[in-house]
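In case you want the letters, here they are:
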Amino acid sequence: MAQEKSMAAPDLLRRAKLLKQGAEARVYRAEFLGKPTIVKERFPKRYRHPVLDEKLTHRRTVQEVRSILRCRRAGISAPVVYFVDYTSHCIFLEEIICSITVRDHIASIQQCDTSKDSELEQLAERVGQILAKMHDEDVVHGDLTTSNILLRRITESGEYDLVLIDFGLSYISALPEDKGVDLYVLEKAFLSTHPNTEALFEKLLKSYTASSKKSSAVIKKLDEVRLRGRKRSMVG
Ligand SMILES: Nc1ncnc2c1ncn2[C@@H]1O[C@H](COP(=O)(O)OP(=O)(O)OP(=O)(O)O)[C@@H](O)[C@H]1O
Ligand SMILES: [Mg+2]
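Residues numbered from 1 in each chain as written. Chains lettered and ligands numbered in written order. Predicted model: local features only at pLDDT ≥ 70, side-chain atom pairs only at ≥ 80, totals over all residues. Heavy atoms only, no water.

Visitor: Even after reading the chapter, I still don't get the coordination of the magnesium ion (ligand 2), so can you show me in this structure?
Guide: Metal coordination angles in their ideal form are 109.5 degrees for the four-donor tetrahedron and 90 or 180 degrees for the six-donor octahedron. Note on the magnesium ion (ligand 2): its protein donors are Asn148 (OD1) and Asp166 (OD). The metal-donor distances range over 2.1 Å. Residue Asn148 is located in the loop between strand 7 (139-140) and strand 8 (149-153), and its partner Asp166 is located in the loop between strand 9 (160-164) and strand 10 (171-172); the two are separated by 18 residues in the primary sequence. For Asn148, a relative accessible area of 8% puts it in the buried group. (Donors = N, O, S within 2.8 Å, 3.2 Å for Na, K, Ca; no water. Helix = DSSP H or I, 4+ residues; strand = E, 2+ residues; numbered from the N terminus. Buried < 20%, exposed > 50% of the residue type's maximum accessible area, 1.4 Å probe, protein only.)

If you want it as structure tokens, here you go:
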């Protein structure tokens, strides 16, 4: 029976469509109980000791599920968790339909000839707000990039909401330093992915500051981490 249960997820994956093969996980699209579902499977890494690998993989699966649930409980959009198989390290998530990554969205706006600065600014503000809410719940994402935030269209007229994903490196912490580093990681990713967006990222931070109850200590830490980063790059 236990055997049968543990075979359920791999069985389903054989019929699923592989969307993305990453270094740590494979992401599939499937149907689960009649619903469009994203399955994230963390596979074994041969270069790691099997016991250590199993431990790390299990921890990431647990962290991902825990942070998603914590966000959802606080009213922060993240996919519904349908099912977790801790044997095959598979998480079954609601597929956010009609969505694209914030990364692709920014890139497509930037490619348009007509300048759409206000649209980009509004998006940056919305990202700042959702991250402020997440940090106020003491969720530190651990891998903030514009690929790990989805934009879901709600209406034809362009209304949308933002959905946070990819919580495998997340953890719970109230420390301003941890949140500051989270923002620093995003800043690095943001500026290197999207050219000429310094002012836009400042907008994001401004909106984060206005939305979070605990932002001043976090921004102070962000400044410290930036300085450390700069010193390190000067030393080489
Ligand atoms: N719930 C979801 N609904 C719709 N699309 C999703 C969902 N979860 C993930 N995706 C898509 O799959 C991609 C990869 O998912 P995710 O970021 O969770 O995995 P990953 O292996 O960590 O990828 P990466 O290495 O790019 O961070 C996302 O960028 C997104 O395009
Ligand atoms: Mg990702």
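After that view of the structure, there is still more to cover.
Visitor: How should unusual backbone geometry be read in this particular structure?
Guide: Phi is mostly negative for residues that are not glycine, and the peptide bonds are mostly trans. Phi at His89 takes a positive value of approximately 55 degrees, unusual for a residue other than glycine. Classification of His89 as buried rests on a relative accessible area of 7%. Located in the positive-phi region is Asp138, a residue other than glycine, with phi close to 65 degrees. Tracing the chain through its elements places Asp138 in the loop between helix 4 (117-136) and strand 7. With relative accessibility at 16%, the residue Asp138 sits in the buried group.

Visitor: Teacher, can you tell me more about the packing of helix 3 (residues 102-111) against helix 4 here?
Guide: In a packed pair of helices, the relevant descriptors are the angle between the two axes and the axis-to-axis distance. Interaxial distance between helix 3 and helix 4 falls to 10 Å at its minimum, and their mutual angle equals 160 degrees. Comparing their axes, helix 4 and helix 3 come out roughly antiparallel. For the pair helix 3 and helix 4, the sense of crossing is left-handed. Packed against helix 3, whose contacting residues are Val102, His105, Ile106, Ile109 and Gln110, the element helix 4 presents Glu119, Leu120 and Leu123 at the interface. (Axes fitted to C-alpha atoms, helices over the stretch in contact; angles between N-to-C directions. Parallel < 35°, antiparallel > 145°, perpendicular 65-115°, else oblique. Left-handed = near helix turned anticlockwise from the far one by under 90°. Contact = heavy atoms within 4.5 Å.)

Visitor: What should I look at first to understand the site of ligand 1 in this one?
Guide: If you check the shell around ligand 1, you find 14 residues, and the closest are Lys20, Lys40, Glu94, Ile96 and Asp166. Here Ser147 contributes a backbone N or O atom positioned 3.3 Å from an oxygen atom of ligand 1. Between an oxygen atom of ligand 1 and a side-chain N or O atom of Asn148, the distance comes to 3.1 Å. Notes on ligand 1: free accessible area 600 Å², of which the protein chains cover 77%. Grouping the constituent residues of the shell around ligand 1 by class yields six nonpolar, three polar and five charged. (Near = heavy atom within 4 Å. Polar contact = N/O pair within 3.5 Å; in protein donor to acceptor, adjacent residues only side chain to side chain. Areas by Shrake-Rupley, 256 points an atom, 1.4 Å probe, with all protein chains shown as cover. Nonpolar A, V, L, I, M, F, W, Y, C, P; charged D, E, K, R; others polar.)

Visitor: It is not clear to me how the environment of Arg72 should be interpreted in this structure. Could you clarify?
Guide: Mapped onto the elements of the fold, Arg72 is located in helix 2 (residues 50-73). Residue Arg72 is classed as partly exposed on the basis of its relative accessible area of 38%. The residues touching Arg72, leaving out its near neighbours within four places in the chain, are Ala78, Pro79, Val80 and Glu94. Side-chain polar atoms of Arg72 contact the backbone oxygen of Ala78, separated by 2.8 Å.

Visitor: Teacher, can you tell me more about the packing of helix 5 (residues 176-193) against helix 6 (residues 198-211) here?
Guide: Relative orientation of the contacting elements helix 5 and helix 6 amounts to 155 degrees, with a least axis distance of 10 Å. Regarding the angle of helix 5 to helix 6, the classification is roughly antiparallel. Here the hand of the crossing between helix 5 and helix 6 comes out right-handed. Residue-level contacts link Lys179, Leu183, Leu186, Glu187, Phe190 and Leu191 of helix 5 to Glu198, Leu200, Phe201, Leu204, Leu205 and Tyr208 of helix 6.

Visitor: I'm lost on the environment of Val225 in this one. Help?
Guide: Secondary-structure assignment places Val225 in helix 7 (residues 215-235). Judged by its relative accessible area of 7%, Val225 is buried. C-alpha of Val225 to C-alpha of Asp161: the two residues are 64 residues apart in sequence and 30 Å apart in space. With residues near it in sequence (within four places) discarded, Val225 still touches Val181 and Tyr184.

All quantities given are derived from atomic positions and should not be read as evidence of function.
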